[in-house]
Amino acid sequence: MNIIELKNITYKYSVGTPFEAVAVDNVTLTVEKGEFCGIIGHTGSGKSTLIQHLNGLVKPTLGEVYIDGQNIWSKDTDIREIRFKAGLVFQYSEHQLFEESVYKDIAYGPKNMGLSEEETDKRVHYAAQSMGIGDELLERSPFDLSGGQKRRVALAGVIAMEPEILILDEPAAGLDPIGRESVLSRISDYHKKNGTTILLVSHSMEDIVKYAEKVLVMNKGKVFCHAPTDEVFARQDEIVGIGLDVPQITKVTMKLKEKGIDLGSDIYTVERAKERILQYKAKGSIC
Ligand SMILES: Nc1ncnc2c1ncn2[C@@H]1O[C@H](COP(=O)(O)OP(=O)(O)O)[C@@H](O)[C@H]1O
Ligand SMILES: [Mg+2]
């Protein structure tokens, strides 16, 4: 079942001014319930603008947005309901922390939804635990935490609303490698455990291939492709052609191919490279 359906979405900034710019250009896209979709593309390719359509934060200049089969801009739709269904975590989300304690910050969303104290409390603990925020941190000020912890608190605040779709704009940006891993692996575990549909924007190919089942490549406001990770990387020459980076291990195998050692064109993890190298060594080819 498609939980997200975009039909011919175009979005223009500053319409009717000299600064008019098409950020999203006639995008048609479906996302299945439970999919973990990684979104990549150059800066300015329209990733952030596109995902802001999914919870009604921006209204398309043209086209229709359906969430769970519901046209979100139809008269009968309560946009507040859509915002609870599709939780959006902005880039540098820690800037939105404002409460005096971590607990209150995580509780802000569920409270806003009108949930009882008891239900809110249950959700705060579950969301905090999912993001690796221990109980001992809940009464601390969010401003006393490390950068990575703050980011995870901000994520927990959205998770506590238990959205059916979790949309994350560069959730690991600006963190050190340990902080990145700590955020991304927790999102991945949360997805596996709860089956939530995840859309995760990242400029890191390495992160995308590690966690995403499907990849959406954006290029100049358009969908370049949206397919299972394997299929996308089978088109690595085209990916490089639009100026995007491929994982380091893919670059190594491309170089080897130039030198006559063809390990296949679908290698983007070290584990797969290892398998193919061993196969090649044993047989002299991968066929
Ligand atoms: N608030 C804005 N006003 C005008 N143009 C904008 C604004 N935000 C983004 N844009 C333009 O829209 C295009 C897409 O931007 P964006 O969605 O932020 O892409 P990405 O997230 O892939 O970097 C870019 O050309 C960008 O300059
Ligand atoms: Mg962006």
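No experiment lies behind these values; they were computed from the predicted model shown. (Residues numbered from 1 in each chain as written. Chains lettered and ligands numbered in written order. Predicted model: local features only at pLDDT ≥ 70, side-chain atom pairs only at ≥ 80, totals over all residues. Heavy atoms only, no water.)

## Concerning the sheet that holds strand β8 (residues 197-201)
The six strands are arranged β6-β7-β8-β3-β9-β10 in an open sheet whose pairing can be described as mixed. Of all strands in the sheet, those bounded by a partner on one side alone are β6 (86-89) and β10 (222-228). Taking the axes of each pair of neighbouring strands and ignoring which way they run, one obtains an average angle of 15 degrees across the sheet. Sheet topology note: the strand β9 (residues 214-219)/β10 ladder contains six bridges and is antiparallel. If you follow V215 over to β10, its bridge partner there is A227. (Pairing = 2+ DSSP bridges. Helix = DSSP H or I, 4+ residues; strand = E, 2+ residues; numbered from the N terminus. Axes fitted to C-alpha atoms, helices over the stretch in contact; angles between N-to-C directions.)

## Considerations on the site of ligand 1
Inspection of the region around ligand 1 gives Y13, A23, H42, T43, G44, S45, G46, K47, S48 and T49 as its neighbouring residues. Within the side chain of K47, an N or O atom sits 2.8 Å from an oxygen atom of ligand 1. Protein contact buries 59% of the 560 Å² of open area that ligand 1 shows by itself. Of all the elements, helix α1 (residues 47-52) adds the most residues to the shell around ligand 1, at three residues. (Near = heavy atom within 4 Å. Polar contact = N/O pair within 3.5 Å; in protein donor to acceptor, adjacent residues only side chain to side chain. Areas by Shrake-Rupley, 256 points an atom, 1.4 Å probe, with all protein chains shown as cover.)

## Some points on the state of the cysteines
Scanning all chains against the criterion turns up zero disulfides. Of the cysteine sulfurs around C37, a residue in no disulfide, the closest is that of C225, at 10 Å. By relative accessible area, which is 6% here, C225 ends up buried. (Disulfide = S-S within 2.5 Å. Buried < 20%, exposed > 50% of the residue type's maximum accessible area, 1.4 Å probe, protein only.)

## Structural notes on the domain arrangement of the chain
Looking at the assigned domains, one finds that the chain contains domain 1 (2-237) and domain 2 (247-287). A separation of 34 Å is found between the C-alpha centroids of domain 1 and domain 2. Contact residues are listed per partner, giving nine residues for domain 1 and nine residues for domain 2. Contact between domain 1 and domain 2 buries roughly 820 Å² in total, counting both sides, with carbon and sulfur atoms accounting for 55%. On the surface where domain 1 and domain 2 come into contact, there are one salt bridge. Taking the shortest distance from any N to any O, the salt bridge between R272 and D230 comes out at 3.0 Å. Across the domain 1-domain 2 interface, the total number found is four residue pairs in polar contact (both at pLDDT 80 or more). For the side of domain 1 that touches domain 2, the elements supplying multiple residues, two or more each, are α7 (205-211), α8 (229-234) and α9 (236-241). (Domains from an automatic or database assignment. Contact = heavy atoms within 4.5 Å. Buried area = accessible area lost by both parts, 1.4 Å probe. Salt bridge = Lys/Arg side-chain N within 4 Å of Asp/Glu carboxyl O.)

## Digging into the nonpolar core
I106, I133, L166, L168, I187, V217 and V232 are the most contacted members of the largest nonpolar core, which has 48 residues in total. It is helix α5 (residues 147-159) that provides the largest number of residues to this core, a total of six residues. (Core = buried A, V, L, I, M, F, W, Y, C linked by side-chain atoms within 4.5 Å.)

## Points about the pairing of β8
For β8, the tally of buried residues reaches five of five residues, placing the bulk of the element in the interior. Going residue by residue along β8, you find T197, L199 and V201 tucked away on one face and I198 and L200 tucked away on the opposite face as well. As judged from the four bridges shared by strand β3 (residues 36-40) and β8, these two strands associate in the parallel manner. The residue of β8 that forms the bridge with G38 is L200.

## So, the pairing of strand β7 (residues 165-169)
With five of five residues buried, β7 is to be regarded as a mostly interior element. Judged by which residues are buried, β7 turns out to be covered on both faces: I165, I167 and D169 on one side and L166 and L168 on the other are all buried. Pairing of β6 with β7, which is carried by four bridges, proceeds in the parallel orientation. Across the sheet, the residue bridging to L88 is I167, located in β7. As judged from the five bridges shared by β7 and β8, these two strands associate in the parallel manner. Paired with I167 across the two strands is L199, which belongs to β8. As for the winding sense of the linkage, the β-α-β connection from β7 through helix α6 (residues 177-194) to β8 is right-handed. (Right-handed = clockwise from strand over helix to strand, strands pointing away.)

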